[in-house]
Amino acid sequence: MANAIFSTWNNKVLDGRYNGTTYSAEEVGLPLTYGEDKEFKAIFGWNGIVLTDDSSNIVSLAADYFRTVALIACGECNVGYNGVHLIKTILDNLVAGTAVPADIARLKECIEGVSINTKCSFCSSAVKPIADCLRYFSAEFEAAAEEHAAYEPSNGLLNVTAPCIEACPIHQDVPGYIGHIKNHNYDEAINLIKRNNPLPGCTGRACMAFCEKNCIRNEIDAPVSIRKLKRVAYDFGTPNELVVEKKKKDEVAIIGAGPAGIAAAKRLLSLGYNVVAYDLNNVCGGMMNDGIPSYRLPREIIKADFDEMIALGAEYRVSTPVRDIEDISSHYKATIICTGAYASKSNGIEGWTEGENDMLQGVRYLKSINNKKTMELKNSVLVVGGGNTAIDCARTALRAGSRDVTIIYRRSRAEMPANAEEIDEAEIEGVKLDLLALPVKIEVEENGIKKVTCQKMQLGEPDESGRRRPVPVPGSEYVINCDMILSAIGEKPDVSFLNNKVELTDWGTIKVDKNGATSMKGVFAAGDCVNGPASIVEAMASGKRAAIGAVMYLDGKTTVSNEKEEVFEPFHKEFLKHNLDNTYNYARERQHARMIDRNVLLDNFNEVEQVLTKKQAVQEADRCLKCYKVILVTRN
Amino acid sequence: MINLTIDDRTVSVEKNATILQAAEKLNIKIPTLCYNEEMAPIGSCRICVVEAIKGGESLIVSACNTGVEEGMKVYTKSEKAIEARKFAVKILYSENPSVKLIRDLAEEYGVVEDINVRKSECIHCERCVHACRDVVGQNAIVLTTCGLSYGNDAPSLKWDFDKCIACGTCAFVCPTGAVKMHDHDGVRTLLTPESKQDFTLKKCVSCGSYFMPEVQAQYLMKKTELPADKFDQCMNCR
Ligand SMILES: Cc1cc2nc3c(=O)[nH]c(=O)nc-3n(C[C@H](O)[C@H](O)[C@H](O)COP(=O)(O)OP(=O)(O)OC[C@H]3O[C@@H](n4cnc5c(N)ncnc54)[C@H](O)[C@@H]3O)c2cc1C
Ligand code: SF4
Ligand code: SF4
Ligand code: SF4
Ligand code: FES
C-alpha cells in the first residue's frame, strides 16, 4: 500500500518530508492507488498536492498542470484570464530555465490576485496548488529561478472534469458547450455535444439530466438548465457532418435499436467495424419510440438521430425479431444484446386479467398509442404506479381522449420516483393523484365497468431503498369505478429469446463483466437488459462500454484499453464534490421554457415544452460557474 | 428593505439592489469600468471589488453584480479590497497601457510596472457585446472565448456585419476607445479592434445632408412597416 509523505489535499496539511512520517490514503482523504494496487507518485490537482515519495520535480508538475488550466481560462474576466496567463508564462520560464529570481515574487502576487478576484470560480480555484507550491516548496521554486537549468517534463496523465461532467454517464463537456452557447456559437456547441453523444436530439428533450442533479448551483439557488441548453444547441446549431474511417474490419451484430444499440453502433463504426442491427420493431428508437410519448420527444427527432448512424454506414434490419440468440451469435464474431426492458412486473392485484377487460400493462398501452394503433376510447382511466411510466400513461390517456384520469400510488408524492416537474405537468393537465392508496382487488361489472377496491396506506419505517415503507391502514378500504386500468409499476428485461443459454442475475437481468461480456463467448450485452429499467444516457454509456469490450475481444486483447479511465476511476467521488470556495456567488433566476397552452382541450400529441429563446439561453448559460477541475497524476 | 453598512455607515436599500447601488446612495465612490447603468452588470473588469463580511467570513466581491444582504458589512477601502483592486488595475495596465482611463487608474493606485507584452486598446470588458445584444437588440458582436476544446489562443471580438445596423452604440459604450465610429464623405466608418467597415450614408432628398446609414434605414423600414419614401428626408426636413 502506498503512503503519502506530503499532502495539502482539501486544505489538510500533512508534511512528513523532514521527519519520515507517512500518511495513509484515509488520512490524506484521497486514493493513493488505482487499478490492482498500482501506485501514484504525485497527485497535483485543483484541491491540493499529494506526494508519495520525494523523487517528483514539483516545478515540472506545476508547469504541466497549469498549461491545461491556461487552456480553460475563458477570457471573460480580466483578472482570471490575464492573471492565469502571466502565471503560466512564469511557470513555463521556470521549467525552461529562463526565469529570473524576481519572477517568484511576481508569481506570488499573481496567485494572490487571482485567487480572490475572478468572475467565476475556475481560475481562482485552479491556482490553489500553485499557492501551495510557493508555501511549501519555495526552496525548489527559488532554485529553479536561479539555476537556469531546463527541467524534464513530468510525463503525467491529465484529466479535466467537473461535478456535472462526472455525474453524466457519458461525460458530456457541459461547461464547454454552455460556454459556446453563451457566445451564440450554437454550431460549435452541438459539435462538442456530438463528440460523445450519438443522441443529441433525444437527450436534449428527454434526458434524465443526472448532471443537473449534481450541478453546483444546487447549493446556491437552482441547477443550471443543462438539458434545455442542450436542446438550444441542437435546435439552433448546424453540426458538421460526421465522418468515419472506411470500413475494413469485422462485422458486429447488435440486437435492439435503442439508445444502447445506437451508442454501441457509433463506437464500432468509428473504430472501423461494420455494424448490423436487428430490431423487431419497424422503426428505430427502442423505448424512446415505444415508451416516451411524442409530446415529450417528437418522432422526427428520434429519426434524425438514427438516420445519421445509417448515413455513417450502420445497417438496420427492422421488423426482424430475434427468436434465438444463436441465430445471430453463430453468424457473427461478436454480438451485442441491447434489447431493453420490455416485460412488466406483475402487480399482484386480485382479479387482474392482463390484456383483457381493459386491464393492460402501461408500456403495452404506450407502445400501442405511440405506434398509432387504434384503441377504443375509455373515459375513466386508473393508472397504478408512481414512476415516469405512470405519468406518461396518464398524460397520454388524456390526449387520447380520456377525460377522467387518476394515478394511484401507494406512497406520498415526495416518494414518487417520477421526476417532480413531470408530476407538476400532469397535474396542470388535469391528471388526478390518489396518493397513499393501493388497489387490491378488481371486479368487472356486467356493463364492463371495473370496481376497484383500494386500501388506504400510511408511511412506516424506511425500507432498503431509503423510502418509507407504505403500510395498510386497517379498515380503510374504498371502491373506485373506472373503464380501464393501466399497470405501471416497473419493467424488467424480456429474455425469452436467450432460451437459457446466457447467464442471468437474480433480478432477471443479463449478467455481464466490466467489459460488458456475457457468459456466452463473443456475446456482449448493454442497456436496460443489463441495468434494469434505467435511462437513455445510462443505456448509451453501457452500449459504448460493450462496444469497446467487443473490440477488445475481436483484437484478442484482455487488458482495459482505456488507461485513463482506470487511472482516474478512484477519484470519481472527489470529482463529484462541490467545492464552493472563496468566490461569492449571487443567486440568479433559472430560466423556464415556454409550455404550450394547456387551458385548451388536449387532443393532440404536440410537443409541450418549447425551446428556450436565445436571450433566455444566454442568461441561463451565464449562470454556469465553470466548475472545471484539473488534475495531473504521475505514477511509479 | 435590506439594511447593511458600507464603510461603517448604515444604509437601507431595495431587496434586489447591488452593493454598488447601495454605495451610490451613500455617495461612496467605487471605481467601475465594465459597468454601465443602462445595462445588466457584466462583472468582467474586476475593478469594482470590495470586501464584504457576511456571517463572519470576509470575501472579495465585485460590487456591480453582487446583491446586498441583511447585516452585510462592506468595506470599499480596506487593505484587502485595495490590494485586490490594485492587482486588477495592474494587470489591465500591463495589457493596455495606451488607454488613458487605465493610465489614470494606474496612477491612482500607484501601479507603475508594465509586465506584459500583449498590447491593445480592447480590454474585453464586453460592454459592447451586451449593449448590442441587450440595448440595440441586434446581437452583432460575438465574444469568442477560450476553452479546452475551443482552439482559441486569446479571447477576441468578432463583428457580424450582416447584423450590424451601424448605430454606433458599441463605440459609444466602449470605455477605452477601442471601438470608434466617424462619418466622412457620405460614409460611416466603424473601427473595431480587429476590423474596419464602411457603411454608405443616406442623403436627404430635400436638404442634401447625409443623415442615416442605408442599413439603418432598411432596418427601420422593416421594423416600422412604413413606406420607403418616409425615409428619404432627414429629421429637420421631415
Ligand atoms: C414510458 C417510459 C418513459 C421513459 N422516459 C424516459 C425519459 O424521459 N428519459 C430517459 O432517459 N429514459 C426514459 N425511459 C427509459 C429509456 O427509454 C430506456 O432506459 C432506454 O430506452 C433503454 O435503452 P436500451 O437501448 O437499453 O433499450 P430499449 O430502448 O428498450 O431498446 C430495445 C430494443 O430492442 C428491441 N428488441 C427487444 N427484443 C428483441 C428481439 N428479441 N429481437 C429484436 N429486437 C428486440 C426492441 O424492439 C427495442 O427497439 C422511459 C421508459 C419508459 C418505459
Ligand atoms: S474561467 Fe472564470 S475566472 Fe477564468 S477568465 Fe473565465 S470568467 Fe474569469
Ligand atoms: S455551474 Fe456549470 S460547471 Fe458547475 S456544475 Fe453547474 S453546469 Fe457544471
Ligand atoms: S454599430 Fe453595429 S455592432 Fe455596434 S452596437 Fe450598433 S448594431 Fe451593434
Ligand atoms: S465594474 Fe464591476 S466587474 Fe467591472
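Here the structure is shown first, and the text comes after it.
This write-up is about the structure you can find in this document. (Residues numbered from 1 in each chain as written. Chains lettered and ligands numbered in written order. Predicted model: local features only at pLDDT ≥ 70, side-chain atom pairs only at ≥ 80, totals over all residues. Heavy atoms only, no water.)

**Overview of the overall build of chain B**
Step number 1: Helix and strand counts for chain B stand at six helices and eleven strands.
Step number 2: When the backbone C-alpha atoms are referred to their principal axes, chain B occupies close to 65 × 45 × 35 Å.
Step number 3: Across the 238 residues in chain B, those meeting the buried criterion constitute 50%.
Step number 4: Sequence-distant contacts, at least 24 apart, represent 46% of the contacts inside chain B between residues at least 6 apart.
Step number 5: Surface exposure of chain B reaches about 11700 Å², of which carbon and sulfur atoms provide 49%. (Helix = DSSP H or I, 4+ residues; strand = E, 2+ residues; numbered from the N terminus. Buried < 20%, exposed > 50% of the residue type's maximum accessible area, 1.4 Å probe, protein only. Contact = heavy atoms within 4.5 Å. Areas by Shrake-Rupley, 256 points an atom, 1.4 Å probe, with all protein chains shown as cover.)

**Some words on the pattern of salt bridges**
Step number 1: For the coordinates displayed, the defined rule picks out 53 salt bridges over all chains.
Step number 2: Note that K158 of chain B and E194 of chain B form a salt bridge whose closest N and O atoms lie 3.2 Å from each other. Taken as a pair, K158 of chain B in strand 7 (residues 156-159) and E194 of chain B in the loop between strand 9 (187-191) and strand 10 (196-203) lie far apart in primary sequence, 36 residues in all.
Step number 3: Taken together, the shared-partner salt bridges connect R296, D392, R395, R399, E422 and E429 of chain A into one network. (Salt bridge = Lys/Arg side-chain N within 4 Å of Asp/Glu carboxyl O.)

**Considerations on the sheet that holds strand 4 (residues 57-62) of chain B**
All names here are of chain B.
Step number 1: What the five strands build is an open sheet, ordered 2-1-5-3-4; its pairing is mixed. A single partner strand is all that each edge strand has here, and the edge strands are strand 2 (9-13) and strand 4. On average, each strand axis in the sheet is tilted by 30° relative to the strand beside it, whichever way the strands run.
Step number 2: Here strand 3 (residues 49-54) pairs with strand 4 via six bridges, running antiparallel. Paired with V50 across the bridge in strand 4 is V61.
Step number 3: Strand contacts of helix 2 (residues 79-95): strand 3, strand 4 and strand 5 (73-75), with the helix running at about 145° to strand 3, the strand carrying the most contacts. (Pairing = 2+ DSSP bridges. Axes fitted to C-alpha atoms, helices over the stretch in contact; angles between N-to-C directions.)

**Examining the interface of chain A and chain B**
Step number 1: Contacts between the two partners involve 39 residues from chain A, matched on the other side by 42 residues from chain B.
Step number 2: Roughly 3300 Å² of surface becomes buried between chain A and chain B when both sides are summed, with 56% attributable to carbon and sulfur atoms.
Step number 3: Viewed at the interface, chain B and chain A are joined by one salt bridge.
Step number 4: Linking E109 of chain A and K90 of chain B is a salt bridge whose minimum nitrogen-to-oxygen distance equals 2.7 Å. (Buried area = accessible area lost by both parts, 1.4 Å probe.)

**Observations concerning the site of ligand 4**
Step number 1: Taken together, C132, V136, A140, I141, W159, C164, I165, A166, C167, G168, T169 and C170 of chain B make up the full set of residues near ligand 4.
Step number 2: For the shell around ligand 4, the secondary structure elements donating two or more residues are helix 4 (127-136) and helix 5 (169-173) of chain B. (Near = heavy atom within 4 Å.)

**Details of helix 7 (residues 138-147) of chain A**
All names here are of chain A.
Step number 1: Those residues of helix 7 lying buried are F141, A144 and A145. Seen from one end, helix 7 has its buried residues packed into an arc of 95°, which puts them on one side. Away from the buried face of helix 7 by more than 90 degrees, exposed residues A139 and E146 are located.
Step number 2: The secondary structure elements touched by the buried residues of helix 7 are helix 2 (58-72), helix 3 (78-96), helix 4 (102-116) and helix 6 (128-136).
Step number 3: Positioned one or two residues after helix 7, H148 has a phi angle of 55°, which is positive. (Arc of directions from axis to C-beta.)

**Considerations on the sheet that holds strand 9 (residues 315-317) of chain A**
All names here are of chain A.
Step number 1: One open sheet holds the five strands; their spatial order is 9-8-7-10-22, and the pairing between them is parallel. The sheet is open, and its two edges are formed by strand 9 and strand 22 (523-525), each paired on a single side. Strand-to-strand, the axes of this sheet are offset by a mean angle of 20°, without reference to chain direction.
Step number 2: Examined bridge by bridge, strand 8 (residues 274-278) and strand 9 share three bridges and lie parallel to one another. Across the sheet, A277 pairs through a bridge with Y316, a residue of strand 9.
Step number 3: Sitting on the sheet, helix 22 (residues 536-554) is in contact with strand 7 (251-255), strand 10 (334-337) and strand 22, with an inclination near 165° to strand 10.

**A look at the packing of helix 2 of chain A against helix 6 of chain A**
To describe two helices that pack against each other, one gives the angle between their axes and the distance between the axes.
Residues and elements named next belong to chain A.
Step number 1: For the pair helix 2 and helix 6, interaxial distance at closest approach is 10 Å and the crossing angle is 160°. One way to sum up the angle between helix 2 and helix 6 is to call them roughly antiparallel. Where helix 2 crosses over helix 6, the handedness of that crossing is left-handed. Contacts between helix 2 and helix 6 pair I58, A62, Y65 and F66 from the former with P129, I130 and C133 from the latter.
Step number 2: Residues belonging to the contact of helix 2 with helix 6 are distributed by class as follows: seven nonpolar, no polar and no charged. (Parallel < 35°, antiparallel > 145°, perpendicular 65-115°, else oblique. Left-handed = near helix turned anticlockwise from the far one by under 90°. Nonpolar A, V, L, I, M, F, W, Y, C, P; charged D, E, K, R; others polar.)

**Some remarks on helix 13 (residues 226-236) of chain A**
Step number 1: For helix 13 of chain A, a buried count of eight out of eleven residues is recorded, marking the element as mostly surrounded by other parts of the structure.
Step number 2: For helix 13 of chain A, the set of buried residues is I226, R227, K228, L229, K230, R231, V232 and A233 of chain A.

**Observations regarding a negative patch on the surface**
Residue and element names in this part refer to chain A.
Step number 1: A contiguous patch of negative charge, built from E350, E443, E445 and E446, is present on the exposed surface.
Step number 2: Note on placement: E446 falls in the loop between strand 16 (437-444) and strand 17 (450-462).
Step number 3: Of the residues examined, E446 reaches a relative accessible area of 86% and is grouped as exposed. (Patch = residues over 30% accessible without salt bridge, like charges linked within 9 Å, V, L, I, M, F, W, Y side chains within 5 Å. Lys, Arg positive; Asp, Glu negative; His and termini not counted. Charge placed at Lys NZ, Arg CZ, Asp CG, Glu CD.)

**Details of the packing of aromatic side chains**
Step number 1: Scanning the entire structure with this criterion turns up 18 aromatic pairs over all chains.
Step number 2: Put simply, the rings of W9, Y34, F40, W46, F568, F571 and F575 of chain A pair up and form one aromatic cluster. (Phe/Tyr/Trp six-rings, centres within 6.5 Å; stacked < 30°, edge-to-face > 60°.)

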